[in-house]
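# Architecture at a glance
Listed below, chain by chain, are the residues.
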Amino acid sequence: MITENVRKQLADYRKHGKKLKYLINYLMGLIDDEDDFENIIIREMKALAFNEDEIVECLEYHFGFDMSWHPMSVNYKKE
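Reference entry: report on the structure contained in this document. Source: prediction; values computed, not measured.

Summing up its helical and strand segments, the chain has four helices and zero strands in all. Listing each helix as α and each strand as β along the chain from the N terminus yields α-α-α-α. Projected onto its principal axes, the C-alpha coordinates of the chain cover approximately 40 × 25 × 15 Å. Taken across its 79 residues, the chain has 33% of its residues classed as buried. Counting contacts in the chain only where the partners sit at least 6 residues apart, residues at least 24 apart contribute 43% of the total.

Here it is in structure tokens:
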């Protein structure tokens with residue numbers, strides 16, 4: 001679960017120019033074995049005004065997530 005203090009910290013990092021990859025990495029360190037891990041990250045990063053396609057791409061290429069289930073993934077519905 002993401003607390004309001006974490007959201008404020010993320011917003012502050014964003015305001016001071018931290019990149020998407022940094023913010024996702026920071027957030028990943030705080031999330032404990034959630035079933036909806038990827039959606040939590042997407043939701044929180046969208047709240048910081050990042051584009052959803054940029055978030056999905058970062059999760060795929062920088063963090064190695066299988067995002068083929070997401071419509072904005074380059075691998076969406078590929079067999």
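Two elements in contact, helix α1 (residues 4-15) and helix α2 (residues 20-28), have axes whose closest approach is 10 Å; the angle formed by their N-to-C orientations is 160 degrees. In terms of their interaxial angle, α1 and α2 are classed as roughly antiparallel. Crossing handedness for the pair α1 and α2: right-handed. Judged by residue contacts, Val6, Gln9, Leu10, Tyr13 and Arg14 of α1 engage Tyr22, Leu23, Tyr26 and Leu27 from α2.

Before going further, it helps to spend a moment on the pattern of salt bridges. Pairing between side chains of opposite charge can happen when their charged atoms approach one another. Scanning all chains against the criterion turns up four salt bridges. Glu44 is paired through a salt bridge with Arg43; the nearest N and O atoms lie 3.5 Å apart. Judged by relative accessible area, which is 5%, Glu44 ranks as buried. In this structure, Lys46 and Glu52 form a salt bridge, with 3.2 Å as the shortest nitrogen-oxygen distance. For Lys46, a relative accessible area of 41% translates into the label partly exposed. A single salt-bridge network, built from bridges that share partners, covers Glu4, Arg7, Arg43 and Glu44.

Definitions and cut-offs
- Residues numbered from 1 in each chain as written.
- Predicted model: local features only at pLDDT ≥ 70, side-chain atom pairs only at ≥ 80, totals over all residues.
- Heavy atoms only, no water.
- Helix = DSSP H or I, 4+ residues; strand = E, 2+ residues; numbered from the N terminus.
- Buried < 20%, exposed > 50% of the residue type's maximum accessible area, 1.4 Å probe, protein only.
- Contact = heavy atoms within 4.5 Å.
- Axes fitted to C-alpha atoms, helices over the stretch in contact; angles between N-to-C directions.
- Parallel < 35°, antiparallel > 145°, perpendicular 65-115°, else oblique.
- Left-handed = near helix turned anticlockwise from the far one by under 90°.
- Salt bridge = Lys/Arg side-chain N within 4 Å of Asp/Glu carboxyl O.

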